[in-house]
Amino acid sequence: MNQVIRPMTDLEPTSAWRLWIDRCGGFTLLTGDRLTVGGARLEGTTDVQVRSDWRRCEGTLVRRNGDYFWNAADGADAGRQAPGGQPSAGTLLRSGSVFPIPGSATLRLHQPSPLSRSAVLSLDPPHRFDQHVDHVLLVDQTVLIGPNPGDHICCSSVDTAAVLVFRDGRWRAKLKPGAAVDVARPATPSPLVDLVPGQRISLGDLDMMLEEA
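Note that the structure is predicted; figures quoted are calculated from it, not measured.

A. Quick peek at the overall build of the chain. Tallying secondary structure elements over the chain gives zero helices and 17 strands in all. Expressed as a percentage of the 213 residues in the chain, the buried residues total 42%. When the accessible surface of the chain is summed, it comes to about 11,500 Å², and 50% of that surface belongs to carbon and sulfur atoms.

B. Spatial organisation of the environment of Asp151. Mapped onto the elements, Asp151 comes out in the loop between β11 (142-146) and β12 (153-154). When sequence neighbours within four positions are dropped, the list of residues in contact with Asp151 reads Pro112, Leu144, Ile145, Gly146 and Lys176. Among the polar contacts listed, one links the side chain of Asp151 to the backbone nitrogen of Asn148, at a separation of 3.0 Å.

C. Representation of the sheet that holds strand β5 (residues 59-64) within the structure. If you trace the five strands from one edge of the open sheet to the other, you get β4-β3-β5-β6-β7, paired in mixed fashion. Both edges of this open sheet fall to β4 (48-50) and β7 (91-93), since each of them pairs with a single strand only. This sheet shows a mean twist of 25° between the axes of neighbouring strands, independent of strand direction. Of the strand pairs in this sheet, strand β6 (residues 67-72) and β7 are connected by three bridges, and their pairing is antiparallel.

What counts, and at which threshold
In this numbering scheme, every chain counts its residues from 1 along its sequence in written order. Local features in this predicted model are restricted to residues whose pLDDT is 70 or higher, and side-chain atom pairs enter the listing and the counts only when it is 80 or higher, whereas totals over whole chains, interfaces and linings include all residues. Remark: hydrogens and water are excluded; side-chain values derive from all non-hydrogen atoms of the structure. Only runs of H or I of at least four residues qualify as helices and only runs of E of at least two qualify as strands under DSSP, and these elements are numbered from the N terminus. With a 1.4 Å probe rolled over the protein chains alone, any residue whose accessible area is under 20% of its type maximum counts as buried; one over 50% counts as exposed, and the rest are partly exposed. Accessible surface area values rest on a Shrake-Rupley calculation with a 1.4 Å probe, where residue burial reflects the displayed protein chains alone. Residues are treated as being in contact if the distance between any of their heavy atoms lies within 4.5 Å. Pairs of N or O atoms are called polar contacts if they sit within 3.5 Å, as long as, within protein, a hydrogen donor faces a hydrogen acceptor (for residues adjacent in sequence, only side-chain-to-side-chain pairs). Strand pairing is assigned whenever DSSP identifies at least 2 bridges connecting the two strands. Interaxial angles span 0 to 180 degrees and are taken between N-to-C directions of axes, which are lines fitted to C-alpha atoms, for helices over the stretch in contact.

Take a look at the structure:
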């Protein structure tokens, strides 16, 4: 069966947020299907900026049907052909792939959970993302937070596990089923809590604040 590829005009526009979690770190949350990557500049306009010797814009990352494709800004992917003679969507990046960007920085893509198509961008030391964040998350509706390697945001210093949900332009969060709770209280389903930019919330041991980037 041939897979239907969504055209560029059908991709969701990118919006950016930052999430700060006590004892865990800071994270950029990008909710679109298409984003640009480049070196950090004082007045840079790329969605993901890395403090490195990279050019202002190195290329574009596109998510289609849960897969991630890299298109270099110099057009290195433009002449490639996909099976069947169709134009290539770009270089497919699987979980664990390194972005084919020349320079001093090494950028990796991870999809830690089979339950979500969201992905995590990480940098090898000593390079860092701009805005002092630890990782960049490419969000597809849900983000898993917890102490396990399969979580998008791994907080090894806490026992609480939670789920972030982005729908209709709103962020909400709740404790994951089976997350550590007060044993003195009866177990009840955890309600979804609105994440209002600029307001701190607590879910179990997780203390966090969302802000617009």
